[in-house]
There are 2 protein chains.
Amino acid sequence: MRLSRYFLPILKENPREAEIVSHRLMLRAGMLRQQGAGSFSWLPMGKKVLDKVCAIIREEQDRAGAQEILMPTIQSAELWRESGRYDDYGKEMLRIQDRHERDMLYGPTNEEMVTDIFRSYVRSYKDLPLNLYHIQWKFRDEVRPRFGVMRSREFLMKDAYSFDLAYEGARAAYNRMFVSYLRTFERVGMKSIPMRADTGPIGGDLSHEFIILAETGESAVFCHRDFLDMKVPGADVDYADDAGIARIVKDWTTPYAATEEMHDDKAWDAVADGDKVAARGIEVGHIFHFGEKYSKPMGAKVTGPDGKEHFVSMGSYGIGPSRLVAAIIEASHDENGIIWPEAVAPFDMALINMKAGDAECDRACDELYAALSAAGCDVLYDDTDQRPGGKFATADLIGLPWQIIVGPRGVAAGEAEIKNRKTGERETIPLSAVAARFGKSL
Amino acid sequence: MRLSRYFLPILKENPREAEIVSHRLMLRAGMLRQQGAGSFSWLPMGKKVLDKVCAIIREEQDRAGAQEILMPTIQSAELWRESGRYDDYGKEMLRIQDRHERDMLYGPTNEEMVTDIFRSYVRSYKDLPLNLYHIQWKFRDEVRPRFGVMRSREFLMKDAYSFDLAYEGARAAYNRMFVSYLRTFERVGMKSIPMRADTGPIGGDLSHEFIILAETGESAVFCHRDFLDMKVPGADVDYADDAGIARIVKDWTTPYAATEEMHDDKAWDAVADGDKVAARGIEVGHIFHFGEKYSKPMGAKVTGPDGKEHFVSMGSYGIGPSRLVAAIIEASHDENGIIWPEAVAPFDMALINMKAGDAECDRACDELYAALSAAGCDVLYDDTDQRPGGKFATADLIGLPWQIIVGPRGVAAGEAEIKNRKTGERETIPLSAVAARFGKSL
């Protein structure tokens, strides 16, 4: 994509309303525009990152056996009256009346609707296990929305729901999502640590938050150093092997890890001082087993192998892709801007023409742009007439993994300079070697 | 995908509420579930088709130079007061108040918001032309929603908006979308005919509806026979060539074509009787130039080459992907079910094991499934214990382009039967030749 034709409205000034670094950088890098309280438009570069994050989430959900559906944003109040939540849910639920004065709401979550889908079709344990997910906009009418897409009112959520005959199956379903989340966050370039979360009246120990460590994180977290080196299962992990998956979950839940709310001083004291990591983190996923909480009041049951009817045992599994984009920036930036992990970078590289309009520079850049594109690279080509300093600042701000810098002196010598955005390392290589270098590595 | 693990809730009976064939078939084939008045969940097979349709729309929008963004579903009433539409829009607009009693609405369309984005960033004619689109859920509170996703209240829409310095540029932008629409509908397997639509107070001739011919279509349409053989531009069409694009538009707007509302008896009489096609059709796209209708009241202007400020000239371009899925079914089905065009089929083929549980049949099917998948085919493998008659009925109903039928006698002879869903043609070929046959053709 040529920058001269790309809608990338860079802001020079720090927007005053942005209180945290991800919000500031997303506005400055032209990824987002605020449309109202807690409401944002995703501009082309933001949309591209969001799509990449969603694609990874989808692949890992599918790999773990979940199936994608798409439920509507607007729900009927009737469903929520069945579960009892219509009256229980506070003012965060956006309540709406249609022209016939029927009560509706903008879904803040979908347990009721997916349970309704399940009970409409599934009759036998033979059709289980079943896990249905969707990626859809949600609305929660926060009193004071802030922090950009980290806590917006309208936000994208991947929510999966598992259905099993009984607790044993539900625990296996929970474990599959647990492993799927480990893989998802690693693939977007993040280190995530699962931390036990409150199970409230449901009880048991099947509730975990996945936390990304980031110096600018919203809350204090405490964990054993072992987590920093633990290896996430590969793409060949066998989700059909319940015992194997359970072992992975056990490995990842044995060392101490807790958010501030769940912190246990006594258990923490038992960790050797040299193994203690007290840091800050951002919640990016939450998985939760809630058994018959919805299946019972809503009558979602199947016939078991015993010929009797059983209320299904359920769990829900959420990731906020819009929030995750912001969390990645919180965890990966410096004073000059964003540093995208390769897997979610909006483009693979910036090609910087230091002297657009100069015939030799233009020719060298056009050739590189064509060669890199042919080698399968997604290039943002800065062909604008901005001065070099401005171009470098923009490239650092938007944080593509690589910068390929072409100026008159380099062209005369047949060379380009390559800069790694993360390390800052620079290297000079022949123009003719650039495409092979990157076409190979990507 | 193994059917035994796929959430595909086939209905044996025709649902009474479904008045048209696409609605009936989408419910029966387990693509959709109705959640309320004019509100639907897309089940896995429906979601897959919707994704394929959206992917084609995206590719053709991008090719024509449009850039994808994503605006929120909930909009502030303030914006719509600026354009004057907040009060003008009838009860179809879903009006909402948040917890602070601020007036909001569920966007039925996005002219105001995209104009707001434009005016926030763009100052100079040098940044034009610009065309921004998104694919997002819309809500229109119809009095009596019906016909499934053909006229639902919550529906998906691709809406693009073009911004140009003046009418000439706006017309070129309009022409690019015109050609992009021709290509889009052809790529989803449909014959579309652009028909002039009412421009109302805007005037001029830049408004066209794109109509798909279908015997069960909602409205009568009239066109010259020439349209049936006209060639849609290829992927190499040069969108940078305004004159060339204008010639294509001229070719496609010269022969007579009109919906019932715009039908002109006199012009129709001038068409030779043998060239008259009176048929039924479904509107699947609408493009519209509206000039300064929003840019003027909302102050969206740029500095021109003359140094003066100009209100930008705009157009909007809509396709309803959810509606388009239904329209494809209306245009392509028979008494046994859906007949998917290859480009949007949820799977490439059904692999039918006529005797699941029989060791030889299972082995042959497992091998075919592996070989076809390795050859890049997306296969729905019916490994269930249903009887062959039921399997054939399901395969016809869900309408995948090919059926590969494996039974005990065939396996003994080393053969599979292949059925083309559209033509009904059957052929027997060696089991060992199946993967090569389809791996090659796809």
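Parameters and conventions
- Residues numbered from 1 in each chain as written.
- Chains lettered and ligands numbered in written order.
- Predicted model: local features only at pLDDT ≥ 70, side-chain atom pairs only at ≥ 80, totals over all residues.
- Heavy atoms only, no water.
- UniProt positions renumbered as here; feature names shortened; annotations may be inferred.
- Helix = DSSP H or I, 4+ residues; strand = E, 2+ residues; numbered from the N terminus.
- Salt bridge = Lys/Arg side-chain N within 4 Å of Asp/Glu carboxyl O.
- Buried < 20%, exposed > 50% of the residue type's maximum accessible area, 1.4 Å probe, protein only.
- Polar contact = N/O pair within 3.5 Å; in protein donor to acceptor, adjacent residues only side chain to side chain.
- Contact = heavy atoms within 4.5 Å.
- Buried area = accessible area lost by both parts, 1.4 Å probe.
- Nonpolar A, V, L, I, M, F, W, Y, C, P; charged D, E, K, R; others polar.
- Phe/Tyr/Trp six-rings, centres within 6.5 Å; stacked < 30°, edge-to-face > 60°.
- Lys NZ or Arg CZ within 6 Å of the ring centre and 35° of its normal.
- Pairing = 2+ DSSP bridges.
- Axes fitted to C-alpha atoms, helices over the stretch in contact; angles between N-to-C directions.
- Expected span 1.5 Å × (residues − 1).
- pLDDT = per-residue confidence, 0-100.
- Least-squares fit on C-alpha atoms with pLDDT ≥ 70 in both.
- Domains from an automatic or database assignment.

With that settled, the discussion passes to the UniProt feature "domain: Aminoacyl-transfer RNA synthetases class-II family profile" (unreviewed entry) in chain A. The positions that UniProt labels "domain: Aminoacyl-transfer RNA synthetases class-II family profile" (unreviewed entry) are, in the present scheme, residues 38-341 of chain A. Overall, residues 38-341 of chain A shows 31% helix and 30% strand. The separation of its end C-alpha atoms is 26 Å.

Right, let's get into the pattern of salt bridges. Inspection of every chain in the model, using the stated rule, returns 73 salt bridges over all chains. Close ionic contact of R33 of chain B with D116 of chain A constitutes a salt bridge, the shortest N to O distance being 2.9 Å. One end of the pair, R33 of chain B, is in strand 1 (residues 32-36); the other, D116 of chain A, is in helix 5 (residues 111-121), on a second chain. For the pair shown, R33 of chain B and D116 of chain A are each scored as buried. The partner of R81 of chain B in a salt bridge is D103 of chain B, and the shortest N-O contact between them spans 2.9 Å.

Here we take up the side chain of E68 of chain B. Its place among the elements puts E68 of chain B in strand 3 (residues 67-68). Among the residues examined, E68 of chain B registers a relative accessible area of 11% and is labelled buried. Of the polar contacts made by the side chain of E68 of chain B, one reaches the side chain of K47 of chain A; its length is 3.0 Å. Here the side chain of E68 of chain B touches Y133 of chain B through a polar contact of 3.4 Å, side chain to side chain. When neighbours within four sequence positions are excluded, E68 of chain B is seen to be in contact with L43, P44, K47 and D51 of chain A together with R58, Y133 and I135 of chain B.

Turning our eyes to something else, we now look at the interface of chain A and chain B. Many descriptions give the size of an interface as the accessible area lost when the pieces come together. Facing the 55 residues of chain A at the interface are 54 residues of chain B. Of the roughly 4600 Å² buried between chain A and chain B on both sides combined, carbon and sulfur atoms contribute 57%. Where chain A meets chain B, there are six salt bridges. R153 of chain B is paired through a salt bridge with D98 of chain A; the nearest N and O atoms lie 2.9 Å apart. The interface formed by chain A and chain B includes 26 residue pairs in polar contact (both at pLDDT 80 or more). Grouping the constituent residues of the side of chain A that touches chain B by class yields 29 nonpolar, nine polar and 17 charged.

Moving on, we get to the packing of aromatic side chains. Per the stated rule, a full pass over the model turns up 35 aromatic pairs over all chains. Grouping aromatic residues by their ring pairs yields a cluster made of Y106 and F139 of chain A together with Y106 and F139 of chain B. Directly above the ring of F347 of chain A sits K48 of chain A, whose terminal nitrogen or CZ lies 3.6 Å from the centroid. If you follow R95 of chain B out to its NZ or CZ, it ends over the ring of Y86 of chain B, 4.7 Å from the centre.

Right, let's get into the sheet that holds strand 4 (residues 74-76) of chain A. Residue and element names in this part refer to chain A. The three strands lie next to each other as 4-6-5, forming an open sheet whose pairing is antiparallel. The open sheet has two edge strands with one neighbour each: strand 4 and strand 5 (94-97). The average angle at which neighbouring strand axes cross in this sheet is 35°, direction not considered.

Residue and element names in this part refer to chain B. Helix length check: helix 2 (residues 44-63), at 20 residues, gives a terminal C-alpha distance of 29 Å against a target of 28 Å (1.5 Å per residue), a fit within 8%. When we look at burial in helix 2, the residues that qualify are P44, M45, G46, K47, V49, L50, V53, C54, I56, I57, E60 and Q61. Looking one or two residues beyond helix 2, the residue adopting positive phi is G65, at roughly 95°.

All right, on to the side chain of R176 of chain A then. All names here are of chain A. Position of R176 relative to the elements: it lies in helix 6 (residues 167-187). Given a relative accessible area of 14%, R176 falls into the buried group. Polar contacts involving the side chain of R176 include one to the side chain of D242, which spans 3.5 Å.

Now for the pairing of strand 13 (residues 276-291) of chain B. Residues and elements named next belong to chain B. Summarising the sheet, strand 10 (residues 207-213) and strand 13 pair through seven bridges and their orientation is antiparallel. Its bridge partner lying in strand 13, S207 is registered against F288. In the sheet, strand 13 pairs with strand 16 (residues 313-319) via six bridges, with the strands oriented antiparallel. Across the sheet, the residue bridging to H289 is G315, located in strand 16.

Okay, unusual backbone geometry next. Looking along the chain, the bond that leaves L128 of chain A and enters P129 of chain A is cis, with omega of 0°. The residue P129 of chain A is located in the loop between helix 5 and strand 7 (130-139) in this model. The phi dihedral of F147 of chain A falls on the positive side, at around 65°, and the residue is not glycine. Inspection of the secondary structure puts F147 of chain A in the loop between strand 7 and strand 8 (154-164). Positioned with a positive phi, E101 of chain B is a non-glycine residue whose angle comes to about 60°. On the secondary structure map, E101 of chain B appears in the loop between strand 5 (94-97) and strand 6 (103-106).

This brings us to the sheet that holds strand 21 (residues 402-406) of chain B. Residues and elements named next belong to chain B. Taken in spatial order, the five strands make up an open sheet running 20-19-21-22-23, and their pairing is mixed. The outermost strands of the open sheet, each flanked by one partner alone, are strand 20 (379-382) and strand 23 (426-430). Ignoring strand direction, the axes of neighbouring strands in this sheet form an average angle of 25°. Bridging between strand 22 (residues 415-420) and strand 23 involves five bridges; their strand directions are antiparallel. Paired with I418 across the strands is E427, a residue of strand 23. Here helix 12 (residues 388-398) sits on the sheet in contact with strand 19 (349-353), strand 20, strand 21 and strand 22, set at roughly 175° to strand 19.

In this model, chain A carries a mean pLDDT of 96, and residues with pLDDT of at least 70 account for 99%. With a pTM of 0.97, the predicted complex shows an ipTM of 0.96.

Moving on to the environment of S120 of chain A. Residues and elements named next belong to chain A. Inspection of the secondary structure puts S120 in helix 5. Residue classification places S120 among the partly exposed residues on the basis of a relative accessible area of 25%. Counting along the chain gives 74 residues from S120 to G46, while the straight-line C-alpha distance between them is 38 Å.

Moving on to the relation of the copies chain A and chain B. Each copy of the chain is related to the other by a rotation around an axis and a translation along that axis. The operation relating chain A to chain B is a screw motion whose rotation component is 180°, with 0.0 Å of axial translation and a residual RMSD of 0.0 Å. Put plainly, the chains are arranged around a two-fold axis. When C-alpha positions in chain A are compared against the rotation axis, the closest is assigned to I96 of chain A, at 3.0 Å. Residue by residue, 98% of the interface of chain A is reproduced at the interface of chain B, so both copies engage with the same surface.

Residue and element names in this part refer to chain A. When its domains are assigned, chain A resolves into domain 1 (3-338) and domain 2 (347-438). For domain 1 and domain 2, the distance between their C-alpha centres works out to 38 Å. Listed per partner, the contact involves 15 residues of domain 1 and 14 residues of domain 2. The largest contributions to the domain 1 side of the interface with domain 2 come from L3, K48 and I338, which together make up 39% of the buried area. There are two salt bridges connecting domain 1 and domain 2. One can count eight residue pairs in polar contact (both at pLDDT 80 or more) joining domain 1 with domain 2. At the level of elements, helix 1 (21-28), helix 2 (44-63) and strand 18 (337-338) are the ones that each hand at least two residues to the side of domain 1 that touches domain 2. Residue composition of the side of domain 1 that touches domain 2, grouped by class: eight nonpolar, three polar and four charged.

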